[in-house]
Structure formats: structure tokens, C-alpha cells
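This is what each chain is made of:
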Amino acid sequence: MNPLEIVVPVEATGLFQYAWLMIAIPLGVAAILLLGGKATNAWGHWLGVLGVIGSFAVATALFVQMLGAEVADRAVQVSMFDWIDVGNLNLSAALLVDQLSILFALLVTGVGSLIFIYSVGYMAEDPHRRRFFAFMNIFIAAMLTLVLADSYAVLFIGWEGVGLASYLLIGFWQQRRSAALAAKKAFVVNRIGDLGLLVAMFIMMALFGSLNFAEVNQAADTASASWITAIGFLLLLAACGKSAQVPLQSWLLDAMEGPTPVSALIHAATMVTAGVYLVVRSHILFELTPAASLAVCVVGVVTLLAGAWVGSTKDDIKKVLAGSTMSQIGYMMLAAGIGPAGGAFAIFHLFTHGFFKANMFLGAGSVMHAMDDDTDMRHFGALRKVMPWTFVTFGIGYLAIIGIPPLAGFYSKDHIVVAAWERGMAFGALAMLGAAITAFYMTRLMMMTFFGERRWAKGVHPHESPGIMVVPLVVLAIGSAALGMLLNSAIQTWLAPPTGHHPHATALWEIPWQGWATLALVLIGVGVGYLMYRGEISFEQPRTKNPIVYIGRNDLLADQFNDAVFVRGGGKLVDGFQAVDDLLIDGGVRSTTALATGIGDAFSRLQNGYERRYGLWMVVGAVLVSVVLILGRLA
Amino acid sequence: MDNVPMLTILGLLPLIGALLAFVVRGKAGRQLAMAVALITLVFGLVVFFGSADSDLAETVSWIPQIGAWYALSLDGMGRAMVLLTVILLPIVLLAEWRIDDSKIFGFEQPRWGSNVFGGFALLLEGFALFVFMSADVLLFYLFFEATLIPMFFLVQGWGGTNRGRAAMKFLLYSLAGGLVMLFAVIGVYVVTARAGQPSFLISDVAGISIGGTLEQFLFIGFFVAFAVKAPMVPVHSWLPDTAEQATPGATTLLVGVLDKIGTFGMIRFCLGLFPNASAWATPLVIFLAVVSVIYGALMAISSKNLLRLVAYTSVSHFGFMVLGIFAFTTASVTGSIFYMLAHGFSSAAMFLVVGFLLNRRGTAEIAAFGGVQKVAPVLAGVFLVSGLATLGLPGTANFVGEFTIMIGAWPTQPVAVAVAVLGTVLAAVYVLWAYQRVFTGEVTEQTEQHITSDLAPREKLVVAPLIALLLVFGFVPQPMIEVATPTAQATMTHVGMSDPQPGSMGGK
């Protein structure tokens, strides 16, 4: 470990002192919307939009400021106040604005602003639109706390805060039982992951006496390797929960119960990628533990394939996209596990994915809007003619995610495939296979939704969405198309200090052999998808005997497993405890009580009606004693 | 100001108020009780802030023959508990404002009027304040037992059909614990007498190193009484029954204030007077604490009644506090004291909000609700916020407590913390599952019939300060941490422990 590579942030001056406004503005807006009640119904949604745009403005100003600063001064610490300070425990509420966190803040508030604007149209008919915008602002505030934290402790506040926002928004239509169940599941599964972060913090505090990123990094090599490995695995557990990585993936598919803008912002573009952020932010710890780093790579590869598998079998357009999100985050995780060489690429892919996946989710929302909230692709077909804007913007997102040059996904994914190949042949080959499957299921989605014959249900008359929804789609589509080319080499230099990355110039037209091979596999995937889904598609989902399809449709049987082991097994265990509590612990007491109650009843019969007077005398006595004591003292 | 016995006045105010409330019948009595509670709140705040920079201790010889003193003093922990008590009292009185209204569901016909409820509540407040301020073992013991009387009548007088049995069970449990403690109190006298000068002053007793089996016996005497109070598994079973039968206001006082005497006593008496025996008993106590955390949470998950559910969450949370106390680090003990305060507010919010449901529906059975959010969104909102505090979400005071306890206890008790941390996942399950069953889904027929109104202004006024306090202490806990720290440091000195240095565990 070269100690020079550890960045120690400088104290905030000038504009940076106001970084907390990014969090305070949306938080204040949420408070106004929640406490203001019905009085704010008329304009609440516009105030909600202003909240995130305000944050975006601050983030942009800080970004410009940072561009003008020396590289050494780009990591800035913004101290606020002492949070908990007792004994050896010393936690302050402080923010860290550096190249990594400002990039993430721009993504959250920038894509967030577009999604908020889109939501004004999408949620127009909902009677609780104000509450929706309040919860969305809570999310923005929590997410920015997460990425701007300067310590694991403050990060954890944001980490659980986004979990809360996610819970509230998945269950936004909580009259629907499935939505309420999905919300609870998301929170509980996330909490299992949070255990990892909690215990990791306990260990770090005992080892280093601090939870501050810079201080932990500086002290990292004083700890024994086994403890560092433990921390690595615990952080990975946390990342798995938040980022829906195997084995804690089961909540993300259910989370699609939430309104589609929520799926776009929280469950595609930003929150679910927080696990990747955590691993990249902790890269100095992971560099010290090969075992945990390898585990990160393995989790990434397994999830990228598992997500693609699920995505290939679902008929629900949002669930296909959710499987795809899992899979793409798998790529990021794989890159993050590779170490400094991959960390910057993980963030690059995180950034471009934020654009093209938000683009496609909002596109799916536009389709649902047109199809009376139907999400079954078997009921779509031929929508390209009636929804040209949605079709074109979605199409750009499609080309970006499968990695057609020169769109964004091509560059960001290509780097990961190459880095994976250098990490190990198996990783590289499986990442390529994943790219082929991605091309297949996304082509399937395009064919079933926009091409072929119309299979619309009776009474459905699809139409293009209003301008307020189309404009964000267009902006996101432009981002999906251009960001790869724009950022390809700049982002590596920019992220070098926080990720420990050593950039080597990569020209836009230089494509290594892995890139060509991936491209060939992608084209095969597209071809297979086209051939399989160009024909007639049945309106009802056909039953299947194919185990691969069956397992994919049932979310890899995760629910069946959880139900059998935790819900039913746990339920029996807990019911057993109830019986023990009633019979053994309380029963022993009760036999005594029975006797005593008998005596007590007799006693109360004797004293019936006099309890009050009894109490009265008690007080008189107590007061008298006290008065005597005071008098005695004065005497 | 130096000669004014501030602490005595603070304790006497509610007692005198109680006396008046018993005498003044009807609505005037109820208003009088509230007025006294508010005056006590103001005076309590004066004492809380005043005791920060001046010594308010009062020491008067009481029965010199046996070395009994009328001695009051306030340390950081005492100040925190005084603050909790004086804040909760008016809130509870406001929540139970209509307790003798026969139109209110959920209760059997009350035995006495609302002025009597106010009287007993004030009586309880006065005794509890004296408990927290006592600097003399005998004085502490007397008030400790005295609190049982108003509590007994609060349970006996208002609540469900089986409240009489519940009150008796509570009383017998507590008396049994208290009796064991009485032997130990006498033992304290013997010890000091043997040392030359009989004295019950805590400072005198703490100055004597007892040692050996005697110290262990005395420790057990005190600890058993406190374990019953704090409800620790396996002496917890009185709490769910009492909570189910008593009115939520009475339960709030019981769990929020009275049960704190358990953990309060452990710090002040078990650790303060019997340090060697405390260290000796630590493995067993830690084991029971962790069992309480997990067992309480599991029982809460499987509870079918909201009041029992909240009671079991308290069993789980008291487990955390005991874990922090017996982990012997400055951070963990401070965390426990902080958590005592936070839990006072969060459990009050939970119990009182469940009370709102109970008043509308006539029962707190979970199955009797469904879809309530749609008809009473504000009620649903305050339940959820209280629940999120209960499950220890960061940004609420409970998180600060749990987190400080666990991160502080990790270096000395890693295994116990690693198990107890599972309680945070179980907490998410019991809170959110309850929310899901009561509030989400389509509006059920029974909900539509019974839940006809959202929160009234009075009810909003009850929960608003609690939620505000939970959030303020969650985001800005440091001032209260600083109040609690001196007690923790003094305790650490008593037990002769020092904080483990970073890196002492797992360094290279």
C-alpha cells in the first residue's frame, strides 16, 4: 500500500461550505409537504420538483468549483457538528465532497430532476401526488447523505434512509396487498444486509478508533489480515442487500410494485447502485483482502448471469427491466471487485447505466400509461407506430444497454469485460456470455412491445404520452447515446484519486479483441431474439415444462426458499416460543398467582370502596414526612 | 437559591398536586392534575438545566441510630430520568383526558373519575422522582416500593376485563423482587455497621470494599429486584399481561418511567456498590441480556395483540440496555443511559398511538383491523414514525442508543453484540408486519365500521412532542450524551475498568 495514494481531504472553503444545502433543501421540502397537509395539494408537486432542482443547482455549482481546483484540493471535507462523542467513540456529522461523490450527486439530482418532472405528468391522476413528491424528496436527501458522507457512520444514516424511502415508495399504493408485502420485504431484506455494515463499523471502530474514510484508510494496514477480510465480507453483505445481488436479490423484482418513476430513480438508476459505491469507496480495505475481493467478483458474475436469466423469462416489462438492473449491477460489482483497475469502470458503468436504465424505465412507464397500467408484454405489440417518441427513445436505451458502438453502454461495459478478462479468463468469458444474454432478452422485450402484431386487450387505446413525460425521455436518450463517448477517457482521469486508478489513455476507436468478440456475441443474441419472437405471440402465458423457464419465471425460486425456511420454519419456531412463554415461564408464576389472587380477592372484598382513601392516606403520610424533614432541615 | 431545597420541592410538587386532585372531583380535578403536571414540568426543566452547573444535593440526617439519611442528589443519569418523567406526565394525562368517558371504547366501566387517574399518576411521578434523586439506599428502597402503590391502582382502576388479575400479578412480581432487595438493604446496614459507622448513604457504602461471597449475595439481592423491574427474561412475563389489560396511559408510565428504575438501579447500585460482584456476574447477565433481546423480539413478532407486541419490544430493548451496562465501556454505559431516555419516548409514542386505535376499535387485537391507513392516514403516519423509532432507524433517538451501546460493547463483548445485532432485523419484522396487517390493504368491514375518524387535535398534541423529541435526540444527540457521560465515567471508575484502546483487539 502506497500511503501517498490515500487522499486526505482539505477543509471546506468558499462554496463548499454550503454542500449541506444539497441535503437540506429536499429535506425541508419534504417536511413542508408532509406537515402542510391538504393545503399544499395544489402546488405541492411543483415544490417537490423545485426541491431536487435546487439540489442539482448546488451540485452543479460545486462541480464547476471543483473543476477549477487543483487535483490535490478536489477532495473537500465539510464539517457540520459533533454527532456522538463519548469515550473512544468520536463521530462527527461531516460531508466529503470529492470527485466520486460529486459525480454521484450529479447523477442523483440530474437524473432525479428529469424523473421528477416526468412524474408530474405520470402521477397527475393520483390523489396522493403530494405525498409521492414528499417521499421522493426524502429519498433524494437520504441518497445524497449516503454519497456525500465522510464516514461510514454518516453513510449509514443515508443507507437506512434510502431504505426507508424505498419502503415508503414501493408501498405507495399500499391498499394493494402485494405492494404492502413487497415494501416490507424490501426493508427487511435490506436490514439483513445492513447487519453487515453495522458489524463492519463495530470492528473498524475497535481496530482503528475511527469510522472516517480517510482515517480508516490510513490505519488499514495496522490491522491483522483476518479482521480486514471479515470487514470485507461484511461490507459485501451490505452491498448485496442494497444492490440486490445474489443471495439477497429477491426483493428487487417485487419492488416493481411501486410507481414506475420510483423504479426508474430508486430501483434502477441510483439507490440499488449504492452497494457498488460502498465497495469502491472502501477499495483500500478490499485491496488488503484478496479473499473478499474475489468474493465480490464471484457475487458480481453470479448476479449478472442470474439477473439475465430472470430477465429472459419474464413477460412483465418492468420485471424484465428489474432482472436487467440486477444483471448490470452485477457487472459493476464484478468491476469493483477487480480493484483499482476496475473501480473507475464500475462507476463509469454506474453512471451510464443510470441514464439508459432510467430512460427505459420511464419509457416502460409511458407504455403502461398508454396501455391502462398493463405491464404484460403479451398484451402489447406494434406500439412503435402509435408511440413514436417512446419507441425511439426506448430504442436508443436498448442499443445502449446491449452495447452497440458508439452508444454509452458499449464503452462502459467494454472496459469491464476487458478488465474481467485480465482478472481471470472465467470472469471474462462469463461477462461476455452475459452480454449475449442481455442482447437476447432486450431484443425479446423490443419485439414483444414495439414490433409484431397488435395484441391489445379490448378497450385499450394506446396513445403517445404528454410532453411533460416525453421531454425527460428525450434528454435521457441523448445522455444514453452520447455519455460514453464524452466521458470515456475523462472519467478515468477524474476518478483516479478516489479509486486509486491508474488511467491509461484509451482512444475511442481502439477496440481490443475482447470488444470485437463481445460485439459478435451481442449480435448473435439479437439475432436469436429476433428469430424467436418475430412470429406470433400468444395472449396468455403458455405453461412451461422447461425447468430453465420455470425457475426464471419464479425469481430463481428465492421466494419458495425464503417461505419454507424463514416464514414457515421461523413461524413454527416463534409459535413454539409463545407456548414456552405461556406454559413454562408464566405457568410457574401463575400457580403462585392463583393462590395470591385468592387472597387478594378476599382482601379487596374487605376493602371494597376504600382503595381511594387508602391512596389518600398514603399521600398524606408522605407529604407529612417530607414536611417534617424540611422543617427539621430549616430548624 | 442555594438554600432552597430544589430537589425536595420538585418531588413534593406532584405529591401535593395528587392530594388536591383526589379531593377535587370531576372535570376540575382533571384540570388541576394537568396544571400541576405542567408546573412540575417547568420546575423539572429548571432543575435539569440548573443542576448542570450547581450542586443541588440535600443531605439531612434522618434516623441517625441506623445511619439513615434524607439525602437527595442528581447526577447525569438522574437528570436524564427526571427530564423523562416530567415530560411524560402531562403527555399521558392529555392522552387519557377522556378516560372516564363511557362513550370511549376499549375499557370496562372505570372505577373512579379522571381526577383520581390524574391523582395516582402524579403520585407515581412524585415517588419516581424521589427514586431517581435518592442518595441514600434506605430512602431509595422506600420510594422504590412506594411506586408500586399508585401503579397498582392505575392498573386496577382502568382498563380491560382482567385488569384486576393483571394488577395483582404486577404487584406480586414486584413485591417478590422488592423483598429480596430488602434483605440486601439490611445487608448494606450490616456491612457499614461492621466497618464502624452505620450508614445508608450511597457515597459511604461505595467507599467500602466488601468483597467475597457477601458482596455477591448483596449484588444478587439488588439485581433480582432490578431485573424484574427492567423486565429481563425470564422474569418478564408480568409485563405483557399488564400492558394488555391496563390503559395505554398507565402502561406508558409503567414502561416509560417505572421500568427504567431497573436499569437505573443496576448502574447506581449493582455497579456502584458491588463492583467486584458485578464483574463476577457479568457472563450470566450478558447472556440473559442477549436472550432478552432476541426472545423479546421473537415474541413481539408472534404477538397477536398490539399492546402485548409493544410490551415485548420493550423486553428486547431493555436487553440492549443491560448489555450496554455490563459491557463496561464508557460508550456502552452512556449509550444505555441515552437509550433509557429514548426508549421512554418511543415506547410512550407506541403505547399511546395504539391507545388511539384501541379507543376507536374497542380492542387492540391485530386481526380486528386492516386497511386503516385509508380512513385514518395521520394515525397511520404517527404509528409508522413511532414504529420506525422503535426499530432504531438512524435519525431517531433509539438508533443513537442502540448503536452507541453496540459499538461501545463490541471490544469487550463481541460475541454478545454479534448475536444481539440480529435484534435489529427482527425489529424491522415486528414493526413493519404489524403496520402491514393493521394499516395496509383494502379497508376491512370492521375497520370501516369502527375507525370513523382520524386523529383529533388533542391526539395530535399528544404525539407531536414525542415524535419531535425522538427526531431531535436522533439528529443532535450530543448534548444529552454529554449529560449522561459523567455518570458512565464515574461508574467505570467504580468498577475499576478502563476503555479498551483502538487496535488492542485485532491489531497486527
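Parameters at a glance
- Residues numbered from 1 in each chain as written.
- Chains lettered and ligands numbered in written order.
- Predicted model: local features only at pLDDT ≥ 70, side-chain atom pairs only at ≥ 80, totals over all residues.
- Heavy atoms only, no water.
- Helix = DSSP H or I, 4+ residues; strand = E, 2+ residues; numbered from the N terminus.
- Buried < 20%, exposed > 50% of the residue type's maximum accessible area, 1.4 Å probe, protein only.
- Lys, Arg positive; Asp, Glu negative; His and termini not counted.
- Salt bridge = Lys/Arg side-chain N within 4 Å of Asp/Glu carboxyl O.
- Polar contact = N/O pair within 3.5 Å; in protein donor to acceptor, adjacent residues only side chain to side chain.
- Contact = heavy atoms within 4.5 Å.
- Pairing = 2+ DSSP bridges.
- Disulfide = S-S within 2.5 Å.
- Buried area = accessible area lost by both parts, 1.4 Å probe.
- pLDDT = per-residue confidence, 0-100.
- Axes fitted to C-alpha atoms, helices over the stretch in contact; angles between N-to-C directions.
- Parallel < 35°, antiparallel > 145°, perpendicular 65-115°, else oblique.
- Left-handed = near helix turned anticlockwise from the far one by under 90°.
- Expected span 1.5 Å × (residues − 1).
- Bend = angle between axes of the 7 residues up to and from the residue.
- Core = buried A, V, L, I, M, F, W, Y, C linked by side-chain atoms within 4.5 Å.

Undergrad: Describe the side chain of R130(A), with residues and values.
TA: In this fold, R130(A) is placed in helix α4 (residues 129–148). Despite its burial, R130(A) pairs with no opposite charge; the closest candidate is D454(B), at 9.9 Å N-O. A distance of 3.2 Å separates a polar side-chain atom of R130(A) from the backbone oxygen of G37(A). Contact partners of R130(A), with chain neighbours within four places excluded, come to L33(A), L34(A), G37(A), K38(A), T40(A) and N41(A).

Undergrad: Lay out the sheet that holds strand β3 (residues 89–97) of chain A with the relevant residues and their values.
TA: The mixed open sheet is built from three strands, whose spatial order is β1-β2-β3 (chain A). Each end of this open sheet is capped by a strand with a single partner; those strands are β1 (10–11) and β3 of chain A.

Undergrad: Now, about the state of the cysteines: what can you tell me, with residues and values included?
TA: Considering all chains together, one arrives at zero disulfides over all chains under this definition. Here C297(A) stays unpaired: no disulfide links it, and the sulfur of C240(A), its closest cysteine neighbor, is 12 Å away.

Undergrad: Please give an account of the pairing of strand β1 (residues 58–63) of chain B that cites residues and values.
TA: Residues and elements named next belong to chain B. In the sheet, β1 pairs with strand β2 (residues 68–72) via five bridges, with the strands oriented antiparallel. Across the sheet, I63 pairs through a bridge with A68, a residue of β2. What sits between β1 and β2 in their antiparallel hairpin is a turn of four residues, with G67 showing a positive phi close to 75 degrees.

Undergrad: A description of unusual backbone geometry should follow, citing residues and the corresponding values.
TA: Residue and element names in this part refer to chain A. In this chain, V246 is followed by P247 through a cis amide linkage whose omega measures 10 degrees. Note on placement: P247 falls in the loop between α8 (225–242) and α9 (250–254). At D372, a residue that is not glycine, the phi angle is positive and equals roughly 55 degrees. Mapped onto the elements of the fold, D372 is located in the loop between α15 (340–370) and α16 (383–386). Despite not being glycine, A382 has its phi angle at roughly 60 degrees, a positive value. Within the secondary structure, A382 is located in the loop between α15 and α16.

Undergrad: Residues and numbers for the interface of chain B and chain A, please.
TA: With 86 residues of chain B at the contact, the number on the chain A side is 70 residues. Both faces combined, the contact of chain B with chain A buries some 7,100 Å², and carbon together with sulfur accounts for 72% of it. If you sort the residues of chain B by the area they bury against chain A, F403(B), I407(B) and W410(B) come out on top, with a joint share of 8%. Connecting chain B to chain A are zero salt bridges. Where chain B meets chain A, there are 13 residue pairs in polar contact (both at pLDDT 80 or more). The element that contributes the greatest number of residues to the side of chain B that touches chain A is helix α20 (residues 422–439) of chain B, accounting for 10 residues.

Undergrad: Let's hear about the confidence of the model for chain B: which residues, and what values?
TA: Residues and elements named next belong to chain B. Here chain B averages 92 in pLDDT, and 97% of its residues register 70 or above. Confidence, read as mean pLDDT per element, is least for helix α8 (residues 202–206) in chain B (89) and greatest for helix α18 (residues 397–409) (97). Here the prediction assigns the complex a pTM of 0.92, and the interface score ipTM is 0.94.

Undergrad: Please set out the packing of helix α1 (residues 6–23) of chain B against helix α4 (residues 114–133) of chain B residue by residue, giving values where relevant.
TA: Residues and elements named next belong to chain B. Between α1 and α4, whose axes approach to 8 Å, the crossing angle comes to 165 degrees. Judged by the angle between their axes, α1 and α4 are roughly antiparallel. For α1 against α4, the interelement crossing comes out left-handed. Residues L7, T8, L10, G11, L12, P14, L15, G17, A18, A21 and F22 of α1 form the contact with α4, whose participating residues are N115, V116, G119, F120, L122, L123, E125, G126, F127, L129, F130 and M133.

Undergrad: Report on the pattern of salt bridges, specifying residues and quantitative values.
TA: Under the defined criterion, the tally for this structure stands at 11 salt bridges over all chains. Between R444(A) and D315(A) there is a salt bridge, and its shortest N-O distance comes to 2.8 Å. With R444(A) in helix α19 (residues 425–450) and D315(A) in the loop between α13 (290–313) and α14 (317–338), the pair connects residues that are 129 residues apart, well separated along the chain. Considered together, R444(A) and D315(A) belong to a single accessibility category, that of buried residues. Among the salt bridges present, the one from D241(B) reaches K169(B), with a minimum N-O distance of 2.5 Å. Of this pair, D241(B) sits in helix α10 (residues 238–245) while K169(B) sits in helix α7 (residues 163–194); the two residues are 72 residues apart in sequence, bridging distant segments of the chain.

Undergrad: Kindly report on helix α6 (residues 177–208) of chain A, identifying the contributing residues and their values.
TA: All names here are of chain A. Helix length check: α6 (32 residues) gives 46 Å between terminal C-alpha atoms against 46 Å at 1.5 Å per residue, within 8%. At G193, α6 shows its largest bend, some 25 degrees. Note on α6: the residue one or two positions beyond its end, G209, has a positive phi of about 70 degrees.

Undergrad: How would you explain the nonpolar core if you had to name every residue and give the values?
TA: Membership of the largest hydrophobic core comes to 434 residues, with the highest contact counts inside it found for Y152(A), F222(B) and F326(B). Beyond its immediate stretch of four places on either side in the chain, F326(B) contacts F219(B), F223(B), M266(B), L271(B), S278(B), T282(B), V285(B), I286(B) and Q413(B).

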